[in-house]
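Each chain, written out:
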Amino acid sequence: ADKKNPNGKLRLLYEAAPMSFILEQAGGMSSTGLSRVMDIPPTGVHQRVPIILGSTDDVAECCKYYQKSDDKSLKKRENDRMDAVVS
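Parameters and conventions
Residues numbered from 1 in each chain as written. Predicted model: local features only at pLDDT ≥ 70, side-chain atom pairs only at ≥ 80, totals over all residues. Heavy atoms only, no water. Helix = DSSP H or I, 4+ residues; strand = E, 2+ residues; numbered from the N terminus. Buried < 20%, exposed > 50% of the residue type's maximum accessible area, 1.4 Å probe, protein only. Polar contact = N/O pair within 3.5 Å; in protein donor to acceptor, adjacent residues only side chain to side chain. Contact = heavy atoms within 4.5 Å. Core = buried A, V, L, I, M, F, W, Y, C linked by side-chain atoms within 4.5 Å. Expected span 1.5 Å × (residues − 1). Arc of directions from axis to C-beta.

K.L.:
Would you take a moment to explain the side chain of Ser30 for this structure?
P.N.:
Assignment of secondary structure puts Ser30 in strand S2 (residues 29–31). Judged by its relative accessible area of 1%, Ser30 falls in the buried class. Looking at Ser30, its side chain comes within polar contact range of the side chain of Ser20, at 2.9 Å. The residues touching Ser30, leaving out its near neighbours within four places in the chain, are Ser20, Glu24, Arg36, Val37, Ile52 and Leu53.

Right, here's the structure in full:
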């Protein structure tokens with residue numbers, strides 16, 4: 001995610017979730033920084049999400065920085081993603 005793409009660049013259904021599934025099956029980890037990618041309910045075909053992929057240790061280390069962040073807009077976007085209901 002960046003200022004131009006605050007919700008991330010990769011599409012959840014076609015890019016982020018499949019890579020996350022494969023990586024987790026291989027012993028790695030994937031996250032948005034605050035939650036597991038595979039736990040995000042899809043709300044649209046082209047829904048985009050931020051993603052961190054890698055070894056369990058590396059992703060966990062990166063997630064610690066996200067959790068320590070005081071950025072309220074970051075946490076609001078994450079809560080909105082997790083609270084989404086498919087209609």
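K.L.:
Can you help me understand the environment of Gly44 in this one?
P.N.:
Relative to the helices and strands, Gly44 resides in the loop between S2 and strand S3 (48–49). Sequence separation between Gly44 and Leu13 is 31 residues, and the spatial gap between their C-alpha atoms is 8.6 Å.

K.L.:
Even after reading the chapter, I still don't get the nonpolar core, so can you show me in this structure?
P.N.:
Among soluble globular proteins, nonpolar side chains are generally buried collectively. Formed by Leu12, Ala16, Ala17, Val37, Ile40 and Val49, the largest nonpolar core amounts to six residues. Among the elements that make up this core, the one with the highest residue count is helix H1 (residues 12–25) (three residues). Once residues within four sequence positions are removed from consideration, Ala16 is found in contact with Arg11, Val37, Val49 and Ile51.

K.L.:
I'm lost on helix H3 (residues 72–83) in this one. Help?
P.N.:
Each α-helix turn comprises 3.6 residues. Residues three or four places apart therefore point the same way. With twelve residues, H3 extends 16 Å between its outermost C-alpha atoms, agreeing within 8% with the 16 Å of an ideal straight helix rising 1.5 Å per residue. Residues of H3 that are buried: Leu74, Glu78 and Arg81. End-on, the buried residues of H3 take up no more than an arc of 60°, which puts them together on one face. Every exposed residue of H3 that faces more than 90 degrees away from the buried side is listed here: Lys72, Lys76 and Asp83. Considering only its buried residues, H3 is in contact with S3 and helix H2 (56–68).

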